[in-house]
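# Inside the fold
Chain by chain, the residues run as shown.
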Amino acid sequence: MKKIIAILCAAILGMGAASAQVDKGDFAVGANFIYGSGIKNFGVGARIQYTPIDHVRGEFGMNYFFQKDYVNMWDMNLNAEYLVNLYQQRLYIYPIVGLSYARSTFDADKFLKDHGIEGDKDKFNDNAFGLNLGAGAEYKLTEHVGLTLEYRHSIMKDIDQGVFGIGANYKF
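Counting restarts for each chain, with residues numbered from 1 along the sequence as it is written. In keeping with the model being predicted, local features are shown solely for residues with a pLDDT of at least 70 and side-chain atom pairs are shown and tallied solely at 80 or more, while totals for entire chains, interfaces and linings include all residues. To get the side-chain values, take all heavy atoms of the structure and skip hydrogens and water.

Attention now moves to empty space enclosed by the protein. Only protein atoms enter the 1 Å grid used here. Points where a 1.4 Å probe fits but cannot escape make up a cavity, open sets with protein on both sides within 12 Å along at least five of seven lines make up a pocket, and a residue lines them when an atom lies within 4 Å of a point. Grid points are joined across faces, edges and corners, and a volume is the space filled by probe spheres set on the points. Going through the model one piece at a time under the given rule, you end up with 2 cavities of 30 Å³ or more. Volume-wise, the largest cavity comes out at about 180 Å³. As for the largest cavity, its lining consists of 19 residues, and the residues nearest its centre are Asn32, Glu59, Asn63, Glu150 and Arg152. Helix and strand assignments follow DSSP, with helices taken as H or I runs no shorter than four residues and strands as E runs no shorter than two, numbered in order from the N terminus. If you list the elements that add at least two residues to the lining of the largest cavity, you get strand E1 (27–36), strand E2 (41–53), strand E3 (56–68), strand E4 (71–82), strand E8 (145–156) and strand E9 (161–171). No other element matches the 5 residues that E3 contributes to the lining of the largest cavity. Nonpolar residues are Ala, Val, Leu, Ile, Met, Phe, Trp, Tyr, Cys and Pro. Charged residues are Asp, Glu, Lys and Arg, and all others, Gly as well, are polar. Looking at the lining of the largest cavity residue by residue, the classes come out as 8 nonpolar, 7 polar and 4 charged. Each pocket or cavity is described by its volume, and for the second largest cavity that value is around 120 Å³. Surrounding the second largest cavity, 16 residues form its lining, Asp26, Ala28, Arg57, Lys140 and Lys171 being those nearest its centre. Of all the elements in the fold, those that place two or more residues in the lining of the second largest cavity are E1, E2, strand E7 (123–140) and E9. Within the lining of the second largest cavity, the residues separate by chemical class into 6 nonpolar, 5 polar and 5 charged.

Here's what the structure looks like:
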């Protein structure tokens, strides 16, 4: 019975992918509001998307997390997404897989000054490369405008975190 259910699910997803209107050559830009579970803070992001083959979209994105506890953080991501149509070429879901680079900076000088401690310290930086895994959904409001909801988990040394995002895309 489990095999039959798995085959039916795969067939339904396959039919949705076959009718999706995500065409080769599509180009879009977007912006999003994010929350990072590792840094426990909000931020903003921007992205550029290109569809090199039908249903497969590449994305380059940058995110900036607002300063919290004297720490600034930003990341860059290069992801691939496979869009599956769920409803009339308007609602899509997609897995996300890709690479990430993150940089966090601790402002020791500001920390010392704010706590009345004399001293001259530099900023301490931490850089990390990692892997992104996640999923998203996009709802097309019009032919050119879509709303997105995503979760990706960045697996990195010392900066391992989930990033929740809600945003909008504009397709040219």
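We are not done yet, so read on.
A separate point is the pattern of salt bridges. We define a salt bridge as a side-chain nitrogen of Lys or Arg found within 4 Å of a carboxyl oxygen belonging to Asp or Glu. By the definition in use, this model includes 6 salt bridges. Between Glu81 and Arg57 there is a salt bridge; the shortest N-O distance is 2.7 Å. Note that Glu81 is positioned in strand E4 and Arg57 in strand E3, a separation of 24 residues in sequence. Each member of the pair Glu81 and Arg57 is classed as buried. Arg152 serves as the salt-bridge partner of Asp75, at 3.0 Å between the closest nitrogen and oxygen. Taken together, the positions of Asp75 in strand E4 and Arg152 in strand E8 put the pair 77 residues apart, joining distant regions of the chain. Only protein chains enter the area calculation, which uses a 1.4 Å probe; residues under 20% of their type maximum are buried, those over 50% are exposed, and those in between are partly exposed.

The next thing to look at is the packing of aromatic side chains. Pairing of aromatic rings covers Phe, Tyr and Trp, the last counted by its six-membered ring, and requires centre-to-centre distances within 6.5 Å; plane angles under 30 degrees mean stacked, over 60 mean edge-to-face, and any other angle means tilted. On inspection of all chains with the given rule, the structure shows 7 aromatic pairs. With a centroid separation of 4.9 Å and an interplanar angle of 45°, the aromatic rings of Tyr101 and Phe129 are classed as tilted. In this pair, Tyr101 is assigned in strand E6 (residues 91–107) and Phe129 in strand E7, connecting sequence segments 28 residues apart. Taking the relative accessible area as the measure of exposure, Tyr101 reaches 17% and is therefore buried. Grouping aromatic residues by their ring pairs yields a cluster made of Phe27, Tyr170 and Phe172. Whether a charge lies above a ring is judged from NZ of Lys or CZ of Arg, which has to be within 6 Å of the ring centre and within 35 degrees of the ring normal. Note that Arg57 overlies the ring of Tyr94, its terminal NZ or CZ placed 5.2 Å from the centroid.

Examined against the element boundaries, Ala80 turns out to sit in strand E4. In sequence terms Ala80 and Asn132 are 52 residues apart; their C-alpha atoms lie 9.7 Å from each other.

With respect to the secondary-structure elements, Gln161 resides in strand E9. In protein, a polar contact requires one atom able to donate a hydrogen and another able to accept it; more generally it is a pair of N or O atoms within 3.5 Å, and residues adjacent in sequence count only if both atoms are side-chain atoms. Engagement of the side chain of Gln161 in a polar contact is seen with the backbone nitrogen of Gly38, the distance being 3.0 Å. The contact partners of Gln161, leaving out residues within four places of it in the chain, are Gly36, Ser37, Gly38, Ile39, Phe65, Met73, Arg152, His153 and Ser154. Note on contacts: a residue pair qualifies if any of its non-hydrogen atoms lie within 4.5 Å across the two residues.

Next up on the list: a nonpolar patch on the surface. Nonpolar side chains collect at one region of the surface, where Phe60, Met62, Leu78, Val97, Leu99, Leu131, Leu133 and Ile155 lie side by side and expose about 690 Å² of accessible area between them. Elements with a contribution of two residues or more to the nonpolar patch: E3, E6 and E7. Within the secondary structure, Val97 sits in strand E6. A patch consists of residues exposed above 30% relative accessible area that lack any salt bridge, with like charges linked at up to 9 Å and nonpolar side chains (Val, Leu, Ile, Met, Phe, Trp, Tyr) linked at up to 5 Å. Here the open area of atoms and residues is found with the Shrake-Rupley method and a 1.4 Å probe, where only the protein chains shown may cover a residue.

Here we take up the side chain of Thr148. Mapped onto the elements of the fold, Thr148 is located in strand E8. The exposure class assigned to Thr148 is buried, which follows from its relative accessible area of 5%. A polar contact is formed between the side chain of Thr148 and the side chain of Arg47, at a distance of 2.9 Å.

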